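# Descriptive analysis of the structure
Okay, here's what each chain looks like letter by letter:
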Amino acid sequence: MSHRIIRILEKKLSRKTWDNWFTTLEIKEITGDKVIFKVGNLFVKDWLQSRYGKVIHRAIQEAIGKDLPFEIIYESPSKDAFEPEEYKGPLVKKKPLLLSELNPEYTFENFVVGPENRALFEVAQEIARSPGKFNPFFIYGGVGLGKTHMLQAIAHRIIELYPEKRVLYITSERFMNDMIEAIRGGSIRDFREQYRKKADVLLIDDIQFLIGKEGTQRELFHTFNELHDAGKQIIICSDRTPDELNGFPDRLISRFQMGMVMEIASPSKETRYKIAKRLAIRESVELPDDVAMELARRIDGNLRRLRGAIIKLIVQSGIYKEEIDLAFARQIIGSFQTDSPRVRALTEVDHLIKAVEKVMGVTREEIMGVSRTKNVVKARQLFIYILKQEYGKTVQEIAQLTGKKHSTVIHSIKKISNSVLRDNKYIKDLISEINNTVATDFAAS
Ligand SMILES: Nc1ncnc2c1ncn2[C@@H]1O[C@H](COP(=O)(O)OP(=O)(O)OP(=O)(O)O)[C@@H](O)[C@H]1O
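Since the structure is predicted, the reported quantities are computational estimates derived from the model, not experimental observations.

## Things to note about the sheet that holds strand S1 (residues 26-31)
Note on sheets: strands pair through backbone hydrogen bonds, and any given pair is parallel or antiparallel. Taken together, three strands build an open sheet; the order of strands is S1-S2-S3 and the sheet is mixed. Two strands bound the open sheet, and with one partner strand each, they are S1 and strand S3 (70-74). Averaged over all neighbouring strand pairs, the angle between strand axes comes to 25°, with direction disregarded. In this sheet, S3 lies alongside strand S2 (residues 34-39) in parallel orientation, the contact comprising five bridges. From the neighbouring strand, Phe 37 faces S3, where its bridge partner is Ile 72.

Here it is, written out as structure tokens:
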């Protein structure tokens, strides 16, 4: 029988909150001056402390009539607690159903966790232990930060724990191609059967690829609903948040938002150092500490670039029979070193800035500056709108690139979008003229 505090808590909370967060909470000890709870998950511990402190306090007061402080401690669960449920179906083991092979290296064991992504890592593991619990699970973040790795790590773990579950990992591009092929070949029923009926867990990589692909979005919406209604776990990753998935129907976006949405953050220098070491070990090489530190210091965010540098280092050292030391590493790193993200991003959109300057008769400094002159403000708003619409930049990226606040970026996008929606010919002509100028300049360069 659970303790009275726990029973009172259960009454005070909604079913969903209880099921999501409180089912593993137990009383460890009640001393004269403190109540000590324990949970088996670090993330849940932090979450309960930060979000539910007040209600836990009230439950303690009601249960024992005293206003005692409490503490939640993390206690690693015994292995048995997470043993997968015994499979009650036919004894023939179904082979995990995979449309694309998983990369055997993309496991939780190979994922280096820094403080930036600890919460994400905990939740991802929890999802693999209890598929269907946080549904859907939506991971978003910048290029090369480990989204695919994380997605596949969850898939690997689910297959390990629940070999009977049919796990489908696909890129959204693959989903679309399969759908088109099925329509052409008259086998759309089979396609739907495959995705909607056979999958127990569906993992979709790079969902942003479906921006502008309305037919596929519609199909995905039905697939999503059917799986979700049946309690099947859906895990999605994207380079932007659900509400930045421009052109996705609102109903699909709100479905994505109803589960757990988490960001995969750019690793700090310390974490990059550990990742560098781990990436080298994946190639059976031990990197000297100073080399790993140099890599971490000079190659920022995108971990694919970091991996590229390490592979090059290993290959070149083999070819030239050089030892991997700091001097040798410095030569190689040069070609992978990056400018600051802002400088890089600005270079990438240089053609656009020039086109806005030309069409609107303003200068780059004015676009990036704070002038409130009507024409400059319009030019700035158009620049921001096109970055979003044509270059697929997220609000966050635009804010970083222009040095403007998020709210300013959002306001600019809304302002121009509304004009476009109201069929404002003046604005629409300006947008086409800017886009045409970019295309012409680009072709000429
Ligand atoms: N935390 C980490 N620990 C160890 N390796 C990592 C980590 N994060 C990423 N990597 C490695 O970095 C490389 C790039 O990661 P991945 O392809 O998963 O990024 P991504 O976010 O999916 O990229 P994209 O935005 O292009 O889809 C992979 O080799 C991956 O194993």
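## Topic: the site of the ligand
Neighbouring the ligand are 18 residues; Val 112, Lys 147, Thr 148, His 149 and Arg 304 lie closest to it. Taking Gly 144, its main chain carries an N or O atom lying 3.1 Å from an oxygen atom of the ligand. Side-chain polar atom of Arg 282 to an oxygen atom of the ligand: 2.9 Å apart, as the coordinates give it. Within the complex, the protein chains bury 93% of what would otherwise be the 630 Å² of accessible surface of the ligand. For the shell around the ligand, the elements supplying multiple residues, two or more each, are helix H6 (147-161), helix H11 (269-282) and helix H13 (303-319). Lining the shell around the ligand are residues from two domains, each supplying at least three of them: domain 2 (115-263) and domain 3 (269-336).

## Thoughts on the pattern of salt bridges
As enumerated under the stated definition, the model contains 24 salt bridges in all. For Lys 38, the salt bridge identified is with Glu 26, shortest N-O distance 3.7 Å. One end of the pair, Lys 38, is in strand S2; the other, Glu 26, is in strand S1, and twelve residues separate them in sequence. Exposure remark for Glu 26: the relative accessible area of 42% places this residue in the partly exposed category. Here Asp 239 makes a salt bridge to Arg 240, at a shortest N to O gap of 2.7 Å.

## Concerning the side chain of Gln 233
Mapped onto the secondary structure, Gln 233 falls in strand S7 (residues 233-238). Given the relative accessible area of 1%, Gln 233 is considered buried.

Criteria and cut-off values
- Residues numbered from 1 in each chain as written.
- Predicted model: local features only at pLDDT ≥ 70, side-chain atom pairs only at ≥ 80, totals over all residues.
- Heavy atoms only, no water.
- Pairing = 2+ DSSP bridges.
- Helix = DSSP H or I, 4+ residues; strand = E, 2+ residues; numbered from the N terminus.
- Axes fitted to C-alpha atoms, helices over the stretch in contact; angles between N-to-C directions.
- Near = heavy atom within 4 Å.
- Polar contact = N/O pair within 3.5 Å; in protein donor to acceptor, adjacent residues only side chain to side chain.
- Areas by Shrake-Rupley, 256 points an atom, 1.4 Å probe, with all protein chains shown as cover.
- Domains from an automatic or database assignment.
- Salt bridge = Lys/Arg side-chain N within 4 Å of Asp/Glu carboxyl O.
- Buried < 20%, exposed > 50% of the residue type's maximum accessible area, 1.4 Å probe, protein only.

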